[in-house]
Structures are given as structure tokens and as C-alpha cells.
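The chain contents come next:
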Amino acid sequence: MSSDTSSPCFTLHESAQDPDADIWFAEPAGFTTIPLDVFLAPQDSPATEKLRTALAPLFDAAPDGTAARQQLIAQLSAGQQILAALREAGTVHCSVGLHRDDVGGTGGPLLLSLLTLAWRDITLAPPAITAARAVASSEGHTRVEYVELPCGPASVSETVRMPSLGSGLPQQPLLQIHAHLPHPAGRRLAILTLATAEVARREHYRAILGQVAELVSFDDPLADVIPRPA
């Protein structure tokens, strides 16, 4: 992946003006948002109908025969199960990152990563204490760093885990880089996680997550620029 992480490119998303939003952050270039509400919508809902319409060209392009279509359906179902598990764990945002491995000018293969944002309810405590507890109470966290961000105190850490044998995922280490961001009100913790199997590129992915965490805000950063809809 590119070693230049000093000049990220950001695009303003319509969700920035969501009247119900309680956290704002920037999604770096190379990431595509997965619409959780669409993929996990109830059957026969308008969102599900939009999903069917969006996927129709993919199924139409499948080779003749039922085997290929059944495989696509099975893959979609497996993806929905993963997204449902993320939602149950408090995930409110999920996006897939795709970056070319061009370190050293080799122009190598595309590297895959997953960026998530989750909320966790916590016992009332000052943000600095919550940031410390977030890594102290969990096993396996390494390379722990405590930082002071514009949104307040935070902790950054890493875990390396192996997928469970029954998950169907390749049995290779999965690097997860976490940024724990306590809400100023003291009762919730926002957790940004960037996961990838490219453990050797940990420094680059840690830099990407650091850029995202640096721009997190619990106050509407556009309130004085773009009026909220009535």
C-alpha cells in the first residue's frame, strides 16, 4: 500500500447533516461504506427491494445454470450474517478498504481491510480513566498508546488473532488496530477498529486509523458552516 499517509483525501458525506448523529469522523480515500441498514433490512421492506435492484446486474451476469447463482446467494447470506454479528456487537458503521501494495514501487496486489465504528455502554467515569480501562481490562492488547486527541483522551492498541476454525475464514493472523474514544458524557465508548490480514503493513494501517481518530468529533463540526435541516 502507499507509504504516503500525510495527505489523506476526504469527501463530505450526506450523513454529516444527520440530525440524530452523535459522532462525526472522516473516512479515508480507498474505503467504501457498507450500508448496514440496507443489507440487514427486514424482508419486503423498501430497503430490501433497493438491494435486490442493485444486485440484479450481478446475478444477471452470472454464468448460466443454478450453481453459480446459488453460490452468489450463499456468499451474500454469509456476508449478511457477519454484518448482523457486527451490529449485535454495537457496530454502527462499516467500510471496506482496498489499497494497492506499492511499497518500494513494486505496484503489488490489492490489500483488503475493514474499518468499523462501534459503541459500547460503560460505567460513568472520566474520559481519561475510560480510555485506560478500555485496554487494561482486555487481554491481548499490545503496543498501547495513550493520546490526547481534539475530541479528548483516547487509547490506541493492537491485537492479533486467529479466526476460529468454524468461521470459514483463512487460517492466517488477523491484525486489529483499535482506537478507544470515550464520549465526554462519560457513559459511552466509541471504538474505531481497522482490521486486516496484512500484518506486515501494521505501521501503515496504524497511521490510517490515527488519521481517522484525529478527526473524530462529538460536536457537530459543521454546525456553524452548514445549517442542520429543520
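Presented here is a report on the structure given in the accompanying data block.

Rules and cut-offs
- Within every chain, residues take consecutive numbers counted from 1 along the sequence as written.
- Reporting of local features is limited, given that this is a predicted model, to residues whose pLDDT is at least 70; pairs of side-chain atoms are given and counted only at 80 or more, and all residues count toward the totals for whole chains, interfaces and linings.
- Only hydrogens and water are removed before side-chain values are computed, so all heavy atoms of the structure are retained for them.
- A pair of strands is labelled paired if DSSP reports no fewer than 2 bridges between them.
- Strands here are runs of E lasting at least two residues and helices are runs of H or I lasting at least four, both read from the DSSP assignment and numbered beginning at the N terminus.
- Only C-alpha atoms enter the line fits that serve as axes; for helices the fit covers just the stretch in contact. Angles between N-to-C directions range over 0 to 180 degrees.
- Any two residues whose heavy atoms approach within 4.5 Å at even a single point are treated as in contact.
- Centre distance within 6.5 Å is the pairing criterion for rings of Phe, Tyr and Trp, where only the six-membered ring of Trp is used; planes under 30 degrees apart are then read as stacked, over 60 as edge-to-face, and the remainder as tilted.
- Using a 1.4 Å probe on the protein chains alone, a residue whose accessible area is under 20% of its type maximum counts as buried, one over 50% counts as exposed, and one in between counts as partly exposed.
- As a reminder, the over-ring test applies to NZ of lysine and CZ of arginine, requiring each to be within 6 Å of the ring centre and within 35 degrees of the ring normal.
- Patch membership requires more than 30% relative accessible area and the absence of a salt bridge. Residues of like charge join within 9 Å; the nonpolar side chains Val, Leu, Ile, Met, Phe, Trp and Tyr join within 5 Å.
- For the accessible areas, the method is Shrake-Rupley and the probe is 1.4 Å, while residue cover comes only from the protein chains on display.
- Salt bridge, as used here: a side-chain nitrogen of Lys or Arg that lies within 4 Å of a carboxyl oxygen of Asp or Glu.
- Note that the term roughly parallel is reserved for angles under 35 degrees, roughly antiparallel for angles over 145, roughly perpendicular for angles of 65 to 115, and oblique for everything else.
- The hand of a helix crossing depends on one turn: near helix anticlockwise from the far one by less than a right angle means left-handed, and clockwise means right-handed.
- When residue character is reported, Ala, Val, Leu, Ile, Met, Phe, Trp, Tyr, Cys and Pro are called nonpolar, Asp, Glu, Lys and Arg charged, and the others, Gly included, polar.

### Considerations on the sheet that holds strand E6 (residues 174–182)
Part 1 of the argument: Strand order in the open sheet made by the seven strands is E1-E2-E3-E7-E6-E5-E4, with antiparallel pairing throughout. Bordering the open sheet on either side are strand E1 (31–33) and strand E4 (142–149), each of which pairs with just one other strand. On average, each strand axis in the sheet is inclined to that of its neighbour by 20 degrees, with strand direction left out of account.
Part 2 of the argument: The sheet contact formed by E4 and strand E5 (residues 152–161) spans six bridges and is antiparallel. Within the sheet, the bridge partner assigned to Thr-142 lies in E5 and is Glu-158.
Part 3 of the argument: Contacts from helix H4 (residues 127–136) reach E4, E5, E6 and strand E7 (188–196) within the one sheet, and its direction differs from that of E5 by about 5 degrees.
Part 4 of the argument: Its contacts with the sheet place helix H5 (residues 202–214) against E1, strand E2 (91–100), strand E3 (110–121), E4, E5, E6 and E7, and it is angled at close to 20 degrees to E6.

### Examining the packing of aromatic side chains
Part 1 of the argument: Per the counting criterion, the structure on display carries one aromatic pair.
Part 2 of the argument: Considering the side-chain rings of Trp-119 and Phe-218, the 6.4 Å spacing of their centres and the 45 degrees angle between planes classify their relative orientation as tilted. You can see Trp-119 sitting in strand E3 and its partner Phe-218 sitting in the segment after H5, a full 99 residues away along the chain. Neither Trp-119 nor Phe-218 differs from the other in exposure class; each is buried.
Part 3 of the argument: Between the NZ or CZ atom of Arg-188 and the centre of the ring of Trp-119, over which it lies, the distance is 3.8 Å.

### With respect to the pairing of E6
Strand residues, when the strand is regular, have side chains that alternate between the two faces of the sheet.
Part 1 of the argument: A large share of E6 lies buried, amounting to eight of its nine residues.
Part 2 of the argument: Here E5 pairs with E6 via seven bridges, running antiparallel. From the neighbouring strand, Arg-161 faces E6, where its bridge partner is Leu-174.
Part 3 of the argument: With eight bridges connecting them, E6 and E7 associate as antiparallel partners. Looking across to E7, one finds that Gln-176 is bridged to Ala-195.
Part 4 of the argument: Counting the residues in the hairpin turn of E6 and E7 gives five residues, including Gly-186, whose phi is positive at 90 degrees.

### Concerning a nonpolar patch on the surface
Part 1 of the argument: A cluster of nonpolar side chains, contributed by Leu-98, Leu-110 and Leu-112, occupies part of the molecular surface with about 290 Å² of accessible area.
Part 2 of the argument: With respect to the element layout, Leu-98 can be found in strand E2.
Part 3 of the argument: Given a relative accessible area of 45%, Leu-98 falls into the partly exposed group.

### Describing the packing of helix H2 (residues 46–60) against helix H3 (residues 66–88)
Two quantities define a packed helix pair, namely the angle between the axes and the distance from one axis to the other.
Part 1 of the argument: Relative orientation of the contacting elements H2 and H3 amounts to 140 degrees, with a least axis distance of 11 Å. Relative to H3, the element H2 lies oblique. The interaxial crossing formed by H2 with H3 has right-handed handedness. Every residue of H3 that contacts H2 at Leu-51, Leu-55, Leu-58, Phe-59 and Asp-60 is listed here: Arg-69, Leu-72, Ile-73, Leu-76 and Gln-80.
Part 2 of the argument: Taken together, the residues of the contact of H2 with H3 break down into seven nonpolar, one polar and two charged.

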